[in-house]
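As a plain string of letters, each chain reads:
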Amino acid sequence: MTNEDNLMKYLSSCRWIDVLRISGLALVYTVLAKIVLTFAITYGTVTIFWIPGGVALAAFLLWGKKLWPGVFLGAFAAGIMVGDQFWVSLLIAVGNTLESLFAAWLLSRLSGFDAELNNLRNLMDLVLVGLSSAWISAVIGPLTLWAAGFLTQQILFNCIFRWWQGDTLGIILTTPLILTWQRLPYNWLQRWRVLETVSLFLLTFLVGQIVFFDWFHASLGHLAQSYWLFLFVVWAALRYGKHGVSLIVALVALQAFEGARRGEGFFANDMAETGLQNYWFYILIITTVGIFLALTVDGLQRAKQQLSEKSEELDNYFNNALDLFCIADSRGYFRKVNPQWQQILGYPLTELLDQHFVDFVHPDDHQSTLEALAYLRTQQPMLNFVNRYRHQDGSYRWIEWRALPKNELIYVAACDITERKQAEEILRDSEIRYRHMFLANPHPMWLYDVATLRFLAVNDAAIAHYGYSEAEFLALTIADIHPFADVPRLLDQIRHLESYADYSESEWRHRKKDGTLIEVEISSNELEYEGRRARVVMGNDISERKQAEQTLLEAKRLAEESTRLKSEFLANMSHEIRTPMNAIMGMNHLALQTDLTA
């Protein structure tokens, strides 16, 4: 792909808004570079701060590195405007562009970097990247000027260092200012704060004039020190955050530089003696310290806000929970309770606070409650502790507790289980009644495990009727009391019950311990027993009834057989009698039909 193709691809990816931004950046870069190169040269052709570099990096971070032509064109135009040769301006413009591109690329590679500079890490990343990337232009620019004959070899390395200082300060001073002010502060000009805002900037300006321009020198000259301005930086950081600090630092930097350029105030001799090295370190320190302090305060305020929101969220959860929540101290006194306490126990919340919770405990539960409190003092959590609490009407409610101690406080969640306890009591009474019905039933009864077919329980009637002891029964399965020939049918019946029916009735043959076979009518129903699927079975020995039925059937058969034989006898007798009678009757008829003659 040719250079022309690359250019066309780049142009096709740009939108009109990008073209406007590139043009605007080029114009701003050119104007700022012209101003700085005209008024801020401190060492040959080198400035103590290169503001356009900070502007370029901020533009790349806000709108993307595709704005690089704006930096290149602006830097090239500025070089031409100050009289540099074409190729010198071109190479310096390349160095300035690469510096900003490299800085933006480095920041984009850092995970978590936010262009709004919302935390200390973001600022630290920006400072370190500024210190690193500034070397690109600091090397290319002076070497170009040296090759063009504008610098001698003796001052080349010093010029490289000064160039690096200027670009670094430009990034650290200007880039945070632009990134911070991409969003405007919201309450500076509110009625209750206007006076403070105006006072901050007016006093900063006045003190800056005193320190850097020798105002009131006769009366305050011996007191005017540069650290005075730190008071206003701290004020801005605490009350106005990074927005206020960035403006105060910019104001101080301009005042200090202009005073030094005029030879007045605190840095009056710094330009001549050190080339504004003291100024550079002063502005670097006041800028980084001020923004670091502002971000620290902002972080604390955001943490406080988040803590307040979280506390409000927890209070809402605490106060609207359906269970009993409370905080008590290690001595057993309530410190905070939620409204559910009044709902469940009837006491006003103020009556519960600062009361020892043992005062509300049922007398029979005092000792166990005190032992639980002593256990919690060992910083061990307690789960599922149950005791009874007195209601305002004098009744008692069952409460189940879960408690977590933390130093001198105990955090508690509890629930009213009175209804559960009552249900358990009813169930326990029911179980006692049904167990009595099971054990005292005159018919044999047993429980067996559906999965293993083993006996789980048998009543006295079953033991007496079948001849097995209870221990012998519990060692058997229900298949063991059936004749071997009936077991396949039994297993098939059990599978059928698992699939279709809870209740069933059927008749089976059972074998007693002595080997006697009996006929049994079985009724069974499924239930859960000690966490297992089981069936409860009642057996009714119908052997005598079956024998009686068999006797009746045999009698019926005999009667029917007797009737049949009688019918056959009568039929035979009728035949035997009818045969001779037919002959007699025939002869009689013939005689009557024949005339008799002498």
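Let me begin by describing the structure that accompanies this report. Just so we're clear, the structure is a prediction, and the values are computed from it rather than from any experiment. (Residues numbered from 1 in each chain as written. Predicted model: local features only at pLDDT ≥ 70, side-chain atom pairs only at ≥ 80, totals over all residues. Heavy atoms only, no water.)

## Here we look at the overall build of the chain
When helices and strands are tallied, the chain shows 20 helices and twelve strands. By the compact-globule yardstick of 25 Å for 598 residues, the chain is too spread out, its C-alpha radius of gyration being 54 Å. Taken over 598 residues, the chain has a buried fraction of 40%. Once local pairs closer than 6 in sequence are excluded, the contacts in the chain between residues at least 24 apart make up 55%. When the accessible surface of the chain is summed, it comes to about 34100 Å², and 61% of that surface belongs to carbon and sulfur atoms. For the chain, the distance from the average site of its 50 positive side-chain charges to the average site of its 63 negative ones is 5 Å. (Helix = DSSP H or I, 4+ residues; strand = E, 2+ residues; numbered from the N terminus. Rg over C-alpha atoms; globule rule 2.2 N^0.38 Å. Buried < 20%, exposed > 50% of the residue type's maximum accessible area, 1.4 Å probe, protein only. Contact = heavy atoms within 4.5 Å. Areas by Shrake-Rupley, 256 points an atom, 1.4 Å probe, with all protein chains shown as cover. Lys, Arg positive; Asp, Glu negative; His and termini not counted. Charge placed at Lys NZ, Arg CZ, Asp CG, Glu CD.)

## Observations regarding the pairing of strand S5 (residues 382–390)
One ladder, built from eight bridges, connects S5 with strand S6 (residues 396–406); its direction is antiparallel. Bridge pairing in S6 links Tyr389 to Arg397. Here S5 folds back onto S6 in antiparallel fashion, the turn holding five residues, of which Gly394 has a positive phi close to 100 degrees. (Pairing = 2+ DSSP bridges.)

## Topic: the pattern of salt bridges
This structure, assessed with the given rule, holds 25 salt bridges. The partner of Asp298 in a salt bridge is Arg302, and the shortest N-O contact between them spans 3.0 Å. With a gap of four residues between them, Asp298 and Arg302 both fall in helix H12 (residues 277–320), about one helical turn apart. By relative accessible area, Asp298 is classed as partly exposed at 25%. As a salt-bridge pair, Glu530 and Arg532 come within 3.8 Å of each other at their nearest N and O atoms. Within this structure, Asp18, Arg21 and Lys66 form a network of salt bridges that share partners. (Salt bridge = Lys/Arg side-chain N within 4 Å of Asp/Glu carboxyl O.)

## Things to note about the side chain of Thr197
On the secondary structure map, Thr197 appears in helix H8 (residues 194–213). In this structure Thr197 comes out as buried when scored by relative accessible area, which is 6%. A polar contact of 3.0 Å, which involves the side chain of Thr197, links it to the backbone oxygen of Trp188. If we skip the residues at most four places from it in the chain, Thr197 touches Trp188 and Tyr240. (Polar contact = N/O pair within 3.5 Å; in protein donor to acceptor, adjacent residues only side chain to side chain.)

## Concerning unusual backbone geometry
For Leu117, which is not a glycine, the phi torsion comes out positive at approximately 50 degrees. Examined against the element boundaries, Leu117 turns out to sit in the loop between helix H5 (86–109) and helix H6 (120–147). One non-glycine residue, Gln379, lies in positive phi territory at about 70 degrees. Among the secondary structure elements, Gln379 is positioned in the loop between helix H15 (366–376) and S5. Its relative accessible area of 36% is what places Gln379 among the partly exposed residues.

## Things to note about the packing of helix H3 (residues 51–63) against H5
Contact pair H3 / H5: the axes reach a minimum separation of 9 Å and the direction vectors enclose 45 degrees. Classified by the angle between their axes, H3 and H5 sit oblique to one another. At the point where H3 passes H5, the crossing takes the right-handed sense. Contacts from Gly53, Ala56, Leu57, Phe60 and Leu61 of H3 reach H5 at Ser100, Leu101, Ala103, Ala104 and Leu107. Classifying every residue of the contact of H3 with H5 gives eight nonpolar, two polar and no charged. (Axes fitted to C-alpha atoms, helices over the stretch in contact; angles between N-to-C directions. Parallel < 35°, antiparallel > 145°, perpendicular 65-115°, else oblique. Left-handed = near helix turned anticlockwise from the far one by under 90°. Nonpolar A, V, L, I, M, F, W, Y, C, P; charged D, E, K, R; others polar.)

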